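# Chain and residue survey
Spelled out, the chains give:
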Amino acid sequence: MTELLPLMTYCFVMSSTPGPNNVMLTASGANFGYRGALPQIVGINLGGFVQTFVTCLGLGVLVAGHPTAQWLLRVGGALYLVYLATRLAGTTVGEGRAPRPLTLWQGALFQAINPKSWVKAITVASVFMPPGLDVVSGALLVSTIGWAIGFPCISMWALFGVAIRGLLKDPRRQRAFNLLMAGTLVVLAASFLR
């Protein structure tokens with residue numbers, strides 16, 4: 001168990017720190033509540049599990065070894081974040097114009113173009129695969145640990161959004177919050193292109 005502690009710590013830090021998933025979950029929690037954000041949470045976690053698993057099986061070597069693939073992931077992720085930011089910036093809760101939160105499948109598929117998720121998956125595959133296990137068993141173990149730790153960590157961000165909902169009852173505050181979250185997504189998108 002102690003040899004898994006560094007992996008568990010890494011998964012906790014990567015799942016708990018700000019990034020595209022957590023910014024979107026905060027906004028979804030604030031705009032739609034935890035129940036409304038839950039499919040997105042499950043999707044992000046499912047996508048991260050699958051991404052880590054296939055990366056441990058060898059996909060990570062392909063991505064890490066091809067600069068064009070890395071560039072395409074960064075650009076695709078940045079463009080999608082800008083798209084989400086424009087949707088969020090146009091959100092007006094109470095006027096029926098609020099976009100829906102990401103679905104389970106959108107949350108899962110977003111991991112394919114989320115550079116932070118790729119960094120996590122490639123690091124897990126290259127640093128934390130347990131010795132003494134066959135590749136499939138090791139991939140299943142580290143992916144399951146990432147899934148088990150990730151779910152409560154990313155849920156925390158949606159719950160933070162829920163917690164601040166009371167502060168956002170004033171439409172001006174709601175608008176300012178959504179613009180702040182949209183701006184944060186744009187800054188994250190720009191950081192992908194550095």
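Positions within a chain are numbered from 1, following the residues in the order the chain's sequence is written. At least 70 in pLDDT is required for a residue's local features to be given in this predicted model, at least 80 for side-chain atom pairs to be given and counted, and no such filter applies to totals for whole chains, interfaces and linings, which use all residues. Side-chain numbers come from the whole structure's heavy atoms, not from hydrogens or water.

### Details of empty space enclosed by the protein
Here a cavity denotes grid points, spaced 1 Å and computed from the protein atoms alone, that fit a 1.4 Å probe unable to get out, and a pocket denotes an open set having protein on both sides within 12 Å along at least 5 of 7 lines; residues with an atom within 4 Å of a point are the lining. Grid points are joined across faces, edges and corners, and a volume is the space filled by probe spheres set on the points. With the rule as written, the count across this model stands at two cavities of 30 Å³ or more. In this structure, the largest cavity spans a volume of roughly 270 Å³. In this structure, the largest cavity is lined by 22 residues; those nearest its centre are Ser-15, Asn-21, Gln-111, Ser-117 and Lys-120. When residues in the lining of the largest cavity are grouped by element, the largest group, nine residues, is from helix α2 (residues 20-64). By the convention adopted, Pro, Cys, Tyr, Trp, Phe, Met, Ile, Leu, Val and Ala count as nonpolar, Lys, Arg, Asp and Glu as charged, and the other residues, Gly among them, as polar. Here the lining of the largest cavity is built from residues that sort into six nonpolar, 14 polar and two charged. Helical segments are the DSSP runs of H or I of at least four residues, strand segments are the runs of E of at least two, and each set is numbered from the N terminus.

### Examining the nonpolar core
Side-chain atoms within 4.5 Å are what join buried Ala, Val, Leu, Ile, Met, Phe, Trp, Tyr and Cys residues into a set we call a nonpolar core. Only protein chains enter the accessibility calculation, which uses a 1.4 Å probe; a residue is then buried when its area is under 20% of its type maximum, exposed when over 50%, and partly exposed in between. In terms of nonpolar packing, the biggest core is built from 19 residues, with Met-24, Leu-81, Leu-84, Leu-88, Phe-177, Met-181 and Leu-185 touching the most fellow members. Every element with two or more residues in this core is listed here: α2, α3 (67-89) and α7 (171-192). Among the elements that take part in this core, α7 stands out by supplying six residues, more than any other. With 13 residues, the next largest nonpolar core counts Val-124, Ala-139, Val-142 and Ile-149 among its residues.

### Some details on the packing of helix α1 (residues 5-16) against helix α5 (residues 115-127)
Two elements in contact, α1 and α5, have axes whose closest approach is 11 Å; the angle formed by their N-to-C orientations is 175°. Judged by the inter-axis angle, α1 sits roughly antiparallel to α5. For the pair α1 and α5, the contacting residues are Leu-7, Tyr-10, Cys-11, Met-14 and Ser-15 in the first and Lys-116, Val-119, Lys-120, Thr-123 and Val-124 in the second. Here the residues of the contact of α1 with α5 sort into six nonpolar, two polar and two charged. A fitted line through C-alpha atoms represents every axis, and for helices the fit uses only the stretch in contact; the resulting angles, taken between N-to-C directions, go from 0 to 180 degrees. Angular relationships are summarised with four words: roughly parallel below 35 degrees, roughly antiparallel beyond 145, roughly perpendicular across 65 to 115, and oblique for the angles in between. Residue contacts follow a heavy-atom distance rule, with two residues in contact if any of their heavy atoms lie within 4.5 Å.

### Section: the environment of Phe-110
Within the secondary structure, Phe-110 is located in helix α4 (residues 104-110). With 63 residues separating them in the primary sequence, Phe-110 and Gly-47 have C-alpha atoms 7.7 Å apart. Setting aside chain neighbours within four positions, we find Phe-110 in contact with Pro-20, Asn-21, Met-24, Tyr-80 and Leu-81.

### What about a nonpolar patch on the surface?
A surface patch of nonpolar side chains, about 550 Å² in accessible area, is lined by Leu-46, Val-50, Val-54, Leu-59, Trp-105 and Leu-109. Listed by contribution, the elements that provide at least two residues to the nonpolar patch are α2 and α4. When residues of the nonpolar patch are assigned to their parent elements, the largest contribution, four residues, is made by α2. Among the secondary structure elements, Val-54 is positioned in helix α2. A residue counts toward a patch only above 30% relative accessible area and without a salt bridge, and it is joined to like-charged neighbours within 9 Å or, for Val, Leu, Ile, Met, Phe, Trp and Tyr, to nonpolar neighbours within 5 Å. Values of accessible area rely on a 1.4 Å probe in the Shrake-Rupley scheme; residue burial ignores everything except the protein chains shown. A side-chain nitrogen of Lys or Arg and a carboxyl oxygen of Asp or Glu constitute a salt bridge if their distance falls within 4 Å.

### Describing the packing of aromatic side chains
Ring pairs shown here join Phe, Tyr and Trp side chains whose ring centres sit within 6.5 Å, with only the six-membered ring taken for Trp; geometry is labelled stacked below 30 degrees between planes, edge-to-face above 60, and tilted in between. In the structure shown here, the tally under the stated rule is two aromatic pairs. Measuring from ring centre to ring centre gives 6.4 Å for Phe-49 and Phe-53, while their planes differ by 5°; the resulting arrangement is stacked. Taken together, the positions of Phe-49 and Phe-53, both in helix α2 and four residues apart, correspond to about one turn of that helix. Residue classification places Phe-49 among the partly exposed positions, given a relative accessible area of 22%.

### Structural notes on α1
Taking 1.5 Å per residue as the helical rise, α1 with its twelve residues ought to reach 16 Å, and the 16 Å between its terminal C-alpha atoms agrees with that figure. Looking at α1, one finds that the buried residues are Leu-7, Tyr-10, Cys-11, Met-14, Ser-15 and Ser-16. Expected helix span is computed as 1.5 Å times (number of residues minus one).

### Describing α5
Three- or four-residue spacings in an α-helix give side chains the same orientation, since the helix completes a turn every 3.6 residues. The end-to-end C-alpha distance of α5, which contains 13 residues, comes to 18 Å, matching closely the 18 Å that a straight helix rising 1.5 Å per residue would cover. When we look at burial in α5, the residues that qualify are Pro-115, Lys-116, Ser-117, Trp-118, Lys-120, Ala-121 and Val-124. Pairs of N or O atoms are called polar contacts if they sit within 3.5 Å, as long as, within protein, a hydrogen donor faces a hydrogen acceptor (for residues adjacent in sequence, only side-chain-to-side-chain pairs). With a side-chain oxygen positioned 3.1 Å from the backbone nitrogen of Lys-116, the residue opening α5 is Asn-114.

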